[in-house]
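One-letter residues, chain by chain:
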Amino acid sequence: MFVLSPKSLSREAFRKYGDYQNIADPEEGFDPSNPEQFIPDLMPVTLGSNSLSFSVLKIRRRDAVLKKLEYHAYCGEVIFPFDGDIIGIFLPPTKPGEKINFKSAEAFIIPQATLVYLRPGTWHLSPFVHNTDECTLLCMLPERTYANDAVMIDIPEMNWLKLK
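Residues numbered from 1 in each chain as written. Predicted model: local features only at pLDDT ≥ 70, side-chain atom pairs only at ≥ 80, totals over all residues. Heavy atoms only, no water.

A. Layout of the packing of aromatic side chains. The tally for this structure, following the rule as stated, stands at 5 aromatic pairs. Centre to centre, the rings of Phe14 and Tyr20 are 6.4 Å apart; their planes meet at 75 degrees, and the pair counts as edge-to-face. Here Tyr20 falls in the partly exposed class, since its relative accessible area comes to 24%. Their ring planes at 40 degrees and their centres at 6.2 Å tell us that Phe90 and Phe108 sit as a pair that is tilted. On the criterion of sequence distance, the pair formed by Phe90 in strand β6 (residues 86-90) and Phe108 in strand β7 (residues 106-110) is long-range, its members being 18 residues apart. Taken together, the ring pairs in this structure connect Phe14, Tyr17 and Tyr20 into an aromatic cluster. Residue placement shows Arg11 over the ring face of Tyr20; its charged tip is 4.6 Å from the ring centre. A cation sits over an aromatic face here: Lys58 above Phe30, 4.8 Å from the ring centre. (Phe/Tyr/Trp six-rings, centres within 6.5 Å; stacked < 30°, edge-to-face > 60°. Buried < 20%, exposed > 50% of the residue type's maximum accessible area, 1.4 Å probe, protein only. Helix = DSSP H or I, 4+ residues; strand = E, 2+ residues; numbered from the N terminus. Lys NZ or Arg CZ within 6 Å of the ring centre and 35° of its normal.)

Below, the structure is given as structure tokens:
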């Protein structure tokens, strides 16, 4: 029998096995004055010939009006609110050059600890807090998706999407 004494987790001690990240309080830290703060690629992971990267989005209570949208053409996205419920606004994918039907937008309350998969092309952006003043979300995408597969648009003011 081998008797093991647990060690404190440190990068130096754990490096030979992998890496770790405190998602709720990353070393880069969050700016409390920023209502939407995205910290990308905190934990890139290789899965065979594919990669997945874990990023963090910290959202705080703000005007519940969506003025911008984005989509990812070549990959889906997974979001996971782990310390509060959120409200996400989503629109179906459109073909390149196709006019967006803003009337097709839907809002959903996503409970804390619910894993949500967004299909490629789904229009979305930062969700809104629902039952708390701030929430931290884990976002899972291929590494650097925000730089090479993120199409973002400004919504014309007459089509802004406001929550009740």
